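Per-entry structural report
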There are 2 protein chains.
Amino acid sequence: MTKTPGAATTKVGITLDRVVEAAFVVLQRDGIAKLSARAVAAELNVRMNTVMWHIRTKDRLLGLMAESIMGEVDLENLPGDWREQVAELLRRLRRAMLGHRDGALLVAGTFPVEPNTLAFSERVVTVLFEGCPTRKSAAWTSWSLFYFTLGLVQEEQATPAELHDRLRESVDERCFPGLHSVLEDYVSIDYSERFDFGIEQILQSAPTTKPRPHAAS
Amino acid sequence: MTKTPGAATTKVGITLDRVVEAAFVVLQRDGIAKLSARAVAAELNVRMNTVMWHIRTKDRLLGLMAESIMGEVDLENLPGDWREQVAELLRRLRRAMLGHRDGALLVAGTFPVEPNTLAFSERVVTVLFEGCPTRKSAAWTSWSLFYFTLGLVQEEQATPAELHDRLRESVDERCFPGLHSVLEDYVSIDYSERFDFGIEQILQSAPTTKPRPHAAS
DNA sequence: ACCTGAACACCGTTCAAGT
DNA sequence: ACCTGAACACCGTTCAAGT
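Calculation notes
Residues numbered from 1 in each chain as written. Chains lettered and ligands numbered in written order. Predicted model: local features only at pLDDT ≥ 70, side-chain atom pairs only at ≥ 80, totals over all residues. Heavy atoms only, no water. Near = heavy atom within 4 Å. Polar contact = N/O pair within 3.5 Å; in protein donor to acceptor, adjacent residues only side chain to side chain. Helix = DSSP H or I, 4+ residues; strand = E, 2+ residues; numbered from the N terminus. Nonpolar A, V, L, I, M, F, W, Y, C, P; charged D, E, K, R; others polar. Contact = heavy atoms within 4.5 Å. Buried area = accessible area lost by both parts, 1.4 Å probe. Salt bridge = Lys/Arg side-chain N within 4 Å of Asp/Glu carboxyl O. Buried < 20%, exposed > 50% of the residue type's maximum accessible area, 1.4 Å probe, protein only. UniProt positions renumbered as here; feature names shortened; annotations may be inferred. Expected span 1.5 Å × (residues − 1). Phe/Tyr/Trp six-rings, centres within 6.5 Å; stacked < 30°, edge-to-face > 60°. Lys NZ or Arg CZ within 6 Å of the ring centre and 35° of its normal. Domains from an automatic or database assignment.

**Things to note about the protein's contact with DNA strand D**
Around DNA strand D there are 22 residues in total, and Arg-38 of chain A together with Val-12, Asn-49, Thr-50 and His-54 of chain B lie nearest to it. Per the 4 Å cut-off to the protein, sugar and phosphate atoms form 58% of the nearby atoms of DNA strand D. A distance of 3.3 Å separates a phosphate oxygen of DNA strand D from a polar atom in the backbone of Ala-37 of chain A. The separation between a phosphate oxygen of DNA strand D and a polar main-chain atom of Arg-47 of chain B is 3.1 Å. For the surface near DNA strand D, the secondary-structure elements that each account for two or more residues are helix 2 (37–44) and helix 3 (48–55) of chain A together with helix 3 (48–55) of chain B. Ranked by residues supplied to the surface near DNA strand D, first place goes to helix 3 of chain B with four residues. Split into classes, the residues belonging to the surface near DNA strand D amount to eight nonpolar, ten polar and four charged.

Here it is as structure tokens:
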């Protein structure tokens, strides 16, 4: 009766790629906390279940977005020796994550077992083989680099001023003298500098750090 | 009319501490995804708004829980030289987080500017002062150690078998030869060994890594 | 294969009301 | 200060129904 049969349910040309695209628009505008299937649907002018049909599950959408960010990292044209090459790879990862609001949170939330993510890991590990004493130490060093990068970029993307101000208020000189004396360095917003420092520190000892023999034998 | 006025709303003896306690029970049983104010209320046999009145906000509850975990870390009786002392501090943090389901996720989600968390940071930074060339490098090294620990324990607590199996399936020898050749080390579940390796690697170069001079001067 | 409506069982937050 | 009921505006998932 009140139904307009002409303009009813027909295909509307949504692709999984377009859904992920729209999800990034919502992410940039509203942040990851407000990224919902309904919001993505509104962005595409379709109903929510259309989005759900393509993504199957919210978690899968997040995984696709993380994988997409990993795909932005160029793995070619690396400069210099193995050390510089690894540093450059992680610098590019950092830039890719910084390119999207809450990008580090997104990548940290899921390790997508997908081509782009695997290709990045492959590249890092392969370059590390050149400088590390064992393959195992190369594998484990890649995790150290990855976790450091994720952590630092998450800090950088997490509403910077607020937490730092609260720290400056709370770090009393009497209770926390050490922290107080380095507070400005502790909460420094020179993130690229801190990034370079951390990566370099890990890589510096990489050639000499061996996994301990499991037992004394 | 249908109301029993005697057993109506009277105090029931809930404390913020008891709420947090109950929250840990729910966390252990159901995981962080199902940790809700309603679930905590059920655990305490009160209504949800009672819980909300005490915690004010869900985020504050999570912060209180993280701060509580940090409080489990004993900061006294550290053995050996500065290197061993720092390693021991982070080992204790790791154990505290492992003691609660999704403990690392909880701590990573918020940096509570509260006494226990600050005291831990103070202790780590202070010990690092002994071995690092500058105060700045000590501060930044403490972040490297913290992020590595959070990342690795999150990996350890995130439904181990599932992801590793998917990796073994997907890491084709032809596409990802390097990764393939170290896969078993790459996804090793010897987490204490990997932890020791990572901490040691960071600490090894700590005495020699200086923050770069900001400009060439 | 694609798109929708409707219903489900959940959320956290807010506000007025009780003691 | 403490506890509750009720309502609000949201979630993601599921299922039956359309083309």
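Right, picking up where we left off after that structure.
**Focus on the interface of chain B and chain A**
The partner chain A presents 56 residues to the 56 residues of chain B that form the contact. Summed over both partners, the interface of chain B with chain A buries about 5,200 Å², with 63% contributed by carbon and sulfur atoms. Considering only the side of chain B, the residues that lose the most area to chain A are Trp-140, Tyr-186 and Phe-197 of chain B, jointly responsible for 14% of the buried surface there. Here Glu-193 of chain A makes a salt bridge to Lys-136 of chain B, at a shortest N to O gap of 3.9 Å. For the pair chain B and chain A, the interface holds 21 residue pairs in polar contact (both at pLDDT 80 or more). Contributing elements (two or more residues each) for the side of chain B that touches chain A: helix 7 (115–131), helix 8 (135–157), helix 9 (160–170), helix 10 (177–181), helix 11 (183–186) and helix 12 (191–205) of chain B. At 14 residues, helix 8 of chain B tops the list of elements feeding residues into the side of chain B that touches chain A.

**What about the pattern of salt bridges?**
The full count for this structure, using the stated rule, is 22 salt bridges over all chains. A salt bridge links Arg-168 of chain A to Glu-184 of chain A; its shortest N-O distance comes to 2.8 Å. Of this pair, Arg-168 of chain A sits in helix 9 (residues 160–170) while Glu-184 of chain A sits in helix 11 (residues 183–186), and the two are 16 residues apart along the sequence. On the basis of relative accessible area, Arg-168 of chain A is assigned to the partly exposed category, the value being 37%. Between Arg-194 of chain B and Glu-155 of chain B there is a salt bridge, with its nearest N and O atoms 3.0 Å apart.

**Focus: the protein's contact with DNA strand C**
Taken together, the neighbourhood of DNA strand C is formed by 22 residues, with Asn-49, Thr-50 and His-54 of chain A together with Arg-38 and Thr-57 of chain B sitting nearest. Counting only the atoms of DNA strand C that lie within 4 Å of the protein, the sugar and phosphate share comes to 57%. At a separation of 3.1 Å, a phosphate oxygen of DNA strand C approaches a polar backbone atom of Arg-47 of chain A. Of all the secondary structure elements, the ones that give two or more residues to the surface near DNA strand C are helix 3 of chain A together with helix 2 (37–44) and helix 3 of chain B. Its residues placed into classes, the surface near DNA strand C shows eight nonpolar, ten polar and four charged.

**With respect to the UniProt feature "DNA-binding region" (unreviewed entry) in chain A**
In the UniProt entry, the feature "DNA-binding region" (unreviewed entry) is given for residues 36–55 of chain A. Taken end to end, residues 36–55 of chain A is 80% helix and 0% strand, and its first and last C-alpha atoms sit 12 Å apart.

**What to know about helix 1 (residues 16–30) of chain A**
All names here are of chain A. In this model, helix 1 (15 residues) spans 21 Å end to end at C-alpha, consistent with the 21 Å of a helix rising 1.5 Å per residue. In this structure, the buried residues of helix 1 make contact with helix 2, helix 3, helix 4 (58–71) and helix 6 (103–109). At the C-terminal side of helix 1, Gly-31 shows a positive phi close to 85 degrees.

**What to know about the packing of aromatic side chains**
The full count for this structure, using the stated rule, is 16 aromatic pairs over all chains. When the centroid spacing of 5.7 Å and the interplanar angle of 50 degrees are considered together, the rings of Phe-111 of chain A and Trp-143 of chain A count as tilted. Of this pair, Phe-111 of chain A sits in the loop between helix 6 and helix 7 (115–131) while Trp-143 of chain A sits in helix 8 (residues 135–157), placing them 32 residues apart in sequence. Across this residue pair, the class does not change: Phe-111 of chain A and Trp-143 of chain A are buried. Among the aromatic residues, those joined into a cluster by ring pairs are Phe-111, Trp-143, Phe-146 and Tyr-147 of chain A together with Tyr-186 of chain B. Sitting over the face of the ring of Phe-195 of chain A, Arg-94 of chain A holds its NZ or CZ atom 5.4 Å from the ring centroid. The ring of Phe-129 of chain A has Arg-135 of chain A lying over it, and the distance from NZ or CZ to the ring centre is 4.3 Å.

**Some details on the domain arrangement of chain A**
Residue and element names in this part refer to chain A. Along its sequence, chain A is carved into domain 1 (16–56) and domain 2 (73–205). Computed from C-alpha atoms alone, the centre-to-centre distance between domain 1 and domain 2 is 29 Å. Listed per partner, the contact involves seven residues of domain 1 and six residues of domain 2. Across the domain 1 to domain 2 interface the summed buried area is about 600 Å²; carbon plus sulfur atoms make up 61%. It is Leu-27, Gln-28 and Ile-32 in domain 1 that bury the most area against domain 2; as a group they hold 66% of the surface buried on that side. The tally of links between domain 1 and domain 2 comes to zero salt bridges. One can count three residue pairs in polar contact (both at pLDDT 80 or more) joining domain 1 with domain 2. Among the residues making up the side of domain 1 that touches domain 2, the classes are represented as three nonpolar, two polar and two charged.

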